[in-house]
Amino acid sequence: AQSVTQLDSQVPVFEEAPVELRCNYSSSVSVYLFWYVQYPNQGLQLLLKYLSGSTLVESINGFEAEFNKSQTSFHLRKPSVHISDTAEYFCAVSDITGGGNKLTFGTGTQLKVEL
Amino acid sequence: EAQVTQNPRYLITVTGKKLTVTCSQNMNHEYMSWYRQDPGLGLRQIYYSMNVEVTDKGDVPEGYKVSRKEKRNFPLILESPSPNQTSLYFCASSSLVGSAEQFFGPGTRLTVL
């Protein structure tokens, strides 16, 4: 079984400041790692994912996440946030050996970008 | 447009009155799943299906039923809703490739009085 911990339930930040949203996971098997974003009153959308290879993955809107196997972490970062980044962010894992379709989610981090 | 649709988007009902939330996808995905989202708990999987007539329990299946008679549809059934099933529900679909992106519907906000 897997579990995901997102320690920060809310992260307030000023526009153009950098941000890091933390994610740690626990699993006895290899996993795929995902970040999903939920804008107000919408469903979840995939932001980025780590499957294998380079441990640094990037999204099209400037977010990046780095897989750290020794620390079992997959923190999400952005060097300069925009008002439009205000949303809830969910870290998730899936079990490679089990087919990988079942997602186990963290409890989410609400990112609030202020002027 | 590739999408997952859910109906209704909002529903207020009373304890014990059977209801169905529909979910449909137009991407020919084999895998479909239902989640509920509660504050402080994130999303938890209720049921999933890997193909037509193949369904299985997720992490919180009690009080729910599903069926998969057609590939595109995966309705969630609450035969006797209770107030603790008040929640935000999401349907999702993906191909069976394990690393595949899951596509989520817009959500159904259910209130059981």
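For the structure, see preceding data.
The residue count restarts for each chain, going from 1 along the sequence in the order it is written. Whichever chain is written first becomes A and whichever ligand is written first becomes 1, with later ones labelled in order. Side-chain atom pairs in this predicted model are given and counted only at pLDDT of 80 or more, local residue features only at pLDDT of at least 70, and totals for whole chains, interfaces and linings cover all residues. For side-chain calculations, the full set of non-hydrogen atoms in the structure is used, while hydrogens and water are omitted.

**Quick word on the overall build of chain B**
Where we set the bar: The secondary structure listing takes helices from DSSP runs of H or I that are at least 4 residues long and strands from runs of E that are at least 2 residues long, numbered from the N terminus. We compute the radius of gyration over the C-alpha atoms and compare it with the globule rule, which gives 2.2 Å times the number of residues raised to the power 0.38. Think of it in three bands: with a 1.4 Å probe and only protein chains considered, a residue is buried below 20% of the maximum accessible area for its type, exposed above 50%, and partly exposed in between.
Of regular secondary structure, chain B possesses 0 helices and 11 strands. The order of α-helices and β-strands along chain B, N terminus first, is β-β-β-β-β-β-β-β-β-β-β. A compact globule built from 113 residues would reach a C-alpha radius of gyration of about 13 Å, and chain B, at 13 Å, matches this within 12%. Seen through its C-alpha atoms, chain B measures out along the principal axes to roughly 40 × 30 × 25 Å. Out of the 113 residues in chain B, the part that is buried amounts to 50%.

**Some details on the pattern of salt bridges**
Residue and element names in this part refer to chain A. Convention followed: For salt bridges, the criterion is a side-chain nitrogen of Lys or Arg within 4 Å of an Asp or Glu carboxyl oxygen.
According to the stated counting rule, one finds 9 salt bridges over all chains in the structure shown. Note that Arg 22 and Asp 8 form a salt bridge whose closest N and O atoms lie 2.9 Å from each other. Note that Arg 22 is positioned in the loop between β3 (19-21) and β4 (24-26) and Asp 8 in the loop between β1 (3-5) and β2 (10-14), a separation of 14 residues in sequence. Each of Glu 20, Glu 66 and Arg 77 takes part in one network of salt bridges that share partners.

**Points about the interface of chain A and chain B**
The criterion, for reference: Whether two residues touch is decided by their heavy atoms; if any such pair falls within 4.5 Å, the residues are in contact. When two parts are brought into contact, each loses some accessible area as probed by a 1.4 Å sphere; the total of that loss over both is the buried area. In protein, a polar contact means a hydrogen-donor-capable atom and an acceptor-capable atom, both N or O and within 3.5 Å, with residues adjacent in sequence counting only if both atoms are side-chain atoms; elsewhere, any N or O pair within 3.5 Å suffices.
With 22 residues of chain A at the contact, the number on the chain B side is 24 residues. Regarding the contact of chain A and chain B, the summed buried area is about 1,600 Å², with carbon and sulfur atoms giving 51% of it. Scanning the region where chain A abuts chain B turns up 1 salt bridge. The partner of Asp 59 of chain B in a salt bridge is Lys 102 of chain A, with the nearest N and O atoms 2.9 Å apart. Our enumeration of links across chain A and chain B arrives at 6 residue pairs in polar contact (both at pLDDT 80 or more). Among the elements of the structure, β5 (31-38), β6 (44-50) and β10 (87-95) of chain A are those that each provide at least two residues to the side of chain A that touches chain B. Looking at which element gives the most residues to the side of chain A that touches chain B, the answer is β5 of chain A, with 4 residues.

**Details of the pairing of strand β6 (residues 54-57) of chain B**
All names here are of chain B. Applied cut-off: Two strands pair if DSSP finds at least two bridges between them.
Pairing of strand β5 (residues 42-51) with β6 involves 4 bridges; the strand directions are antiparallel. The residue of β6 that forms the bridge with Tyr 47 is Lys 57. The turn joining β5 and β6, which pair antiparallel and follow one another in sequence, is formed by 2 residues; a positive phi near 65° is taken by Glu 53.

**Remarks on the side chain of Arg 68 of chain B**
Residues and elements named next belong to chain B. Put simply, the rule is: Asp and Glu count as negative and Lys and Arg as positive, but His and the ends of the chain are not part of the count.
Tracing the backbone shows Arg 68 in the loop between β7 (65-66) and β8 (76-78). Of the side chains with opposite charge, Glu 30 comes closest to the buried, unpaired Arg 68, at an N-O distance of 7.3 Å. Separated by 2.8 Å, the side chain of Arg 68 and the backbone oxygen of Glu 30 make a polar contact. With sequence-adjacent residues up to four places away left out, Arg 68 is seen in contact with Gln 25, His 29, Glu 30, Met 32, Ser 49, Met 50, Asn 51, Val 52, Glu 53, Thr 55, Asn 73 and Phe 74.

**Concerning the state of the cysteines**
As a reminder, the rule being used: Here, a disulfide means two cysteine sulfur atoms that sit within 2.5 Å of each other.
Across all of its chains, the model carries 2 disulfides over all chains by this definition. At a sulfur-sulfur separation of 2.0 Å, the disulfide partner of Cys 23 of chain A is Cys 91 of chain A. Handedness of the Cys 23 of chain A-Cys 91 of chain A disulfide follows from its S-S torsion of about -65°: it is left-handed. Here the residue Cys 23 of chain A occupies a position in the loop between β3 and β4, and Cys 91 of chain A occupies one in strand β10, the gap between them amounting to 68 residues. As far as burial versus exposure is concerned, Cys 23 of chain A and Cys 91 of chain A are alike and both buried. Note that Cys 23 of chain B is cross-linked by a disulfide to Cys 91 of chain B, the S-S spacing being 1.9 Å. Judged by the sign of its S-S torsion, about -70°, the bond between Cys 23 of chain B and Cys 91 of chain B is left-handed. One end of the pair, Cys 23 of chain B, is in strand β3 (residues 19-25); the other, Cys 91 of chain B, is in strand β9 (residues 87-94), and 68 residues separate them in sequence.

Such coordinate-based values are descriptive only and should not be taken to indicate function.
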